[in-house]
Amino acid sequence: MKSLIILFADNFSSFGFENSFDGKSAFDKTLEWAKNVKTASEIEVYCFEDNKELVQKHLEKGISVKAKGSWTNEILFSEMAASLKKSNCEYVIFSFAFNPFINQTLTTNLIDTHEKFKSEYSFADGYPVSVSPELLDRGLVNILSELIKTKDDLKQQAVTKSSVFDLIKTDINSFEIETEISTTDWRLYRFDFSCDKKENYIACVNLYEKIKKLCDEDRADIQKICGAARDDVKVLKTIPGYFNIQIEIEYQSKNPYCPYYKFSGPEEKMSFEKFKGLLEKINELNPDSVVSLSLWGDPVLHPQFFDFVKEVIKYPGLTCLIETDGFKFSENDISSDNSDIIINLKALSECVQNAGLRKNGFAPVLWLINVDAMTQQTYEKLHPQMKLEYAVNTVKVLNSLFNGNVYAQYLRITENEGELEAFYRAYKEKDYISGGKFIIQKYDHFCKVMPEVKSADLSPIERNPCWHLRRDFNILADGKVPVCRDKSFENPCGNAFEEDLSAIFDRNNTILQTHIDKKLCEGCLSCDEYYTYNF
Ligand code: SF4
């Protein structure tokens, strides 16, 4: 059977065109793979007007290019159907275009399974992102090009690596699906071996250097490559992707399950001027990061809160995350368009609309509101002397202004377990106040400093190297950088106002090595946050 290979060259950055792999780029390596696919009859590259020139520079004759100003999911499936119609191929082999480790053996196995079982959709499961393509039968492509038109929440979204599966799973039982399952489940490591974002590009370059030491046979074995990645600090940890910053020192109420008051933290809020300097450094280190203003303290209490948020989203790649107990709207505030909070929120909403899409896949501003209960009685156990009504109203008002980017959050503990199901049933509904967006947050006992009130243990059977060490960068209001949030008030590993951020981040490499070697310090041993993940 003949296949049409479609490579999607996202316009993320130019890292995919850097000649970092023995003089070849990730794009060259992906093309090399495409040409060697045993059923490949035609190859087509989908790209953007912005990167068309770069794409064409790397192409040989015979490979066609389809460039657009933007690619939504609807456009993708419609173009895929059109490309397939023009070709004499039975199925599409689809992949993003900057994947230096896309694996030929895995592809061959997928092709064999796809053809043998007459599958409509075949994919590799349990492997890192970007090491295998997806296979879509001709009939399926035609169905998807129609199905996407009916999916209001997906059709206008920009194409992502999960676009195909996101659409298929909306009607998963209707399709004949085959998978190639990995003998080891690599998903826990959240590897993405593509050269799109800076953090993934560095990991790919470091991994490529590492596997040069392997023999030819092992270099072709995707399990051996993943094994090499798992054991290497320089692949697991490149640059931070999540900056968690304390701008405020107070909370609206004293939550008995928050460790903040047990420690003596900074005594002053972060100044806006210091924050601006910090953002410049963050943007230089990772221009696609998520910047949270909520490491400690409730950021909305900072008198210049709105300036902080606007400053983050001035940078075209940064996303601002705000976690709060909510704004204290009075009834007048909500009904009157002239309250200060409403005026500021409306102005911020306008800034967000003008800020443009982020290439990190998130909106410019994300809100997490701590709702934590369904009744006032339970709410007060977590937020003494506060009104649940304020939190709920905050969700409502914010969602009317930042639609789709407001999450009602529920810290799951024994105290509120009885209301969890009611919360889930209400907040999962698309027509409820957060538009179906909610987060059930795991309780953190902070290395057993706080009481153990976790109502369910979701930790994996085998411990993985701590995700927070790999990607998080925490900054207290005085610039001090703790090893992680759980070690916020232990000796810092640097000061972000005074030092180079990358040098500070690298100081934790030795701790990550202890995680790889499974020789953890007492603090990490008693911590169960290692498997939780922030962006
Ligand atoms: S395991 Fe816990 S204490 Fe150790 S680095 Fe990770 S989050 Fe911090």
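In case you missed it, the structure is sitting above this.
Everything numeric in this text was worked out from a predicted model, so none of it was measured.

Turning our attention to the overall build of the chain. Of the regular secondary structure elements, the chain holds 22 helices and 16 strands. Against the compact-globule benchmark of 24 Å for 535 residues, the chain has a radius of gyration of 24 Å, which places it among compact chains. The dimensions of the chain, computed from C-alpha atoms along their principal axes, are 70 × 50 × 45 Å. Counting the 535 residues in the chain, one finds 43% classified as buried. If you take every contact in the chain between residues at least 6 apart in sequence, the share linking residues at least 24 apart comes to 76%.

A separate point is the packing of helix 12 (residues 272-285) against helix 13 (residues 305-314). Taken N-terminus to C-terminus, the directions of helix 12 and helix 13 make an angle of 15°; their axes are 11 Å apart at the nearest point. On the basis of their axis angle, the class for helix 12 and helix 13 is roughly parallel. As for how helix 12 packs across helix 13, the hand of that crossing is right-handed. Here Phe-272, Phe-275, Lys-276 and Leu-279 of helix 12 come into contact with helix 13, specifically with Asp-307, Phe-308, Glu-311 and Val-312. A class-by-class count of the residues in the contact of helix 12 with helix 13 yields 5 nonpolar, no polar and 3 charged.

This part is about the pairing of strand 14 (residues 472-475). Neither face of strand 14 is left uncovered, since the one carrying Asp-472 and Asn-474 and the one carrying Phe-473 and Ile-475 both have all their residues buried. Relative to strand 14, strand 8 (residues 242-245) runs parallel, the two sharing 4 bridges. Considered in strand 14, the bridge of Asn-244 is made with Asn-474.

As a further point, take helix 1 (residues 26-36). Two residues of an α-helix separated by three or four positions point the same way, owing to the 3.6 residues in each turn. Residues of helix 1 that are buried include every one of Ala-26, Phe-27, Lys-29, Thr-30, Leu-31, Trp-33 and Ala-34, and no others. Among the structural elements, strand 1 (3-8), strand 2 (40-48), strand 4 (91-96), helix 4 (104-116) and helix 8 (198-211) are those in contact with the buried residues of helix 1.

On to the site of the ligand. Surrounding the ligand, one finds 13 residues, the nearest of these being Cys-466, Cys-484, Asp-486, Cys-524 and Cys-527. Contributing elements (two or more residues each) for the shell around the ligand: helix 19 (467-471) and helix 22 (522-525). Grouping the constituent residues of the shell around the ligand by class yields 8 nonpolar, 2 polar and 3 charged.

Another point: unusual backbone geometry. We note that Gln-385 has phi near 60°; this positive angle belongs to a residue other than glycine. By the secondary structure assignment, Gln-385 is in the loop between helix 16 (376-382) and helix 17 (388-401). Owing to 8 C-beta atoms within 10 Å, Gln-385 belongs among the exposed residues under this scheme. Although it is not a glycine, Lys-518 adopts a positive phi angle of roughly 60°.

A separate point is the nonpolar core. Judged by nonpolar contacts, the single largest core of 73 residues is most densely connected at Val-291, Val-309, Cys-320, Trp-367 and Ile-475. Once residues within four sequence positions are removed from consideration, Ile-475 is found in contact with Phe-243, Ile-245, Gln-246, Leu-278, Leu-295, Val-481 and Ala-496. Judged by nonpolar contacts, the second largest core, of 67 residues, contains Ala-26, Ala-97, Leu-140 and Phe-191.

Turning next to the sheet that holds strand 5 (residues 121-125). The sheet built from 7 strands is open, its strands ordered 3-2-1-4-6-5-7 with mixed pairing. Strand pairing shows two members of the sheet lacking a second neighbour, strand 3 (64-68) and strand 7 (177-181), which therefore form its edges. On average, each strand axis in the sheet is inclined to that of its neighbour by 20°, with strand direction left out of account. Note that strand 1 and strand 2 share 6 bridges and pair parallel. Pairing of Leu-7 across the sheet is with Val-45, part of strand 2. The sheet contacts of helix 4 involve strand 4, strand 5, strand 6 (134-137) and strand 7, and relative to strand 7 the element is tilted by about 150°.

What counts, and at which threshold
- The residue numbering used here restarts from 1 in each chain and proceeds along that chain's sequence as written.
- Under the rules for a predicted model, residues below a pLDDT of 70 receive no local features and side-chain atom pairs below 80 are neither given nor counted, while totals for whole chains, interfaces and linings still include all residues.
- Labels follow the DSSP assignment, with helices taken as runs of H or I lasting at least four residues and strands as runs of E lasting at least two, numbered in each case from the N terminus.
- The globule rule used here is 2.2 Å times the number of residues to the 0.38 power, and the radius of gyration it is set against is calculated over C-alpha atoms.
- Three exposure classes are used. Buried residues have 20 or more other C-beta atoms within 10 Å of their own C-beta, exposed residues have 12 or fewer, and partly exposed residues fall in between, all C-beta atoms being placed from the backbone.
- In this description, a residue-residue contact is defined by the distance between C-beta atoms placed from the backbone, which must lie within 7 Å.
- Fitting a line to C-alpha atoms yields each axis, with helices limited to the stretch in contact; the angle taken between N-to-C directions then spans 0 to 180 degrees.
- Throughout this description, any angle smaller than 35 degrees is read as roughly parallel, any larger than 145 degrees as roughly antiparallel, any in the 65 to 115 degree range as roughly perpendicular, and the remainder as oblique.
- Should the near helix be turned counterclockwise from the far one by less than a right angle, the crossing is left-handed, whereas a clockwise turn marks it as right-handed.
- Following the grouping adopted for this structure description, the nonpolar residues are Ala, Val, Leu, Ile, Met, Phe, Trp, Tyr, Cys and Pro, the charged ones are Asp, Glu, Lys and Arg, and the polar ones are all others, Gly among them.
- Following DSSP output, two strands are said to pair if at least two bridges run between them.
- We call a residue near a molecule or strand if the C-beta atom, set from the backbone, is within 6 Å of it.
- In these notes, a nonpolar core means any group of buried Ala, Val, Leu, Ile, Met, Phe, Trp, Tyr and Cys residues linked to one another through C-beta atoms within 7 Å.

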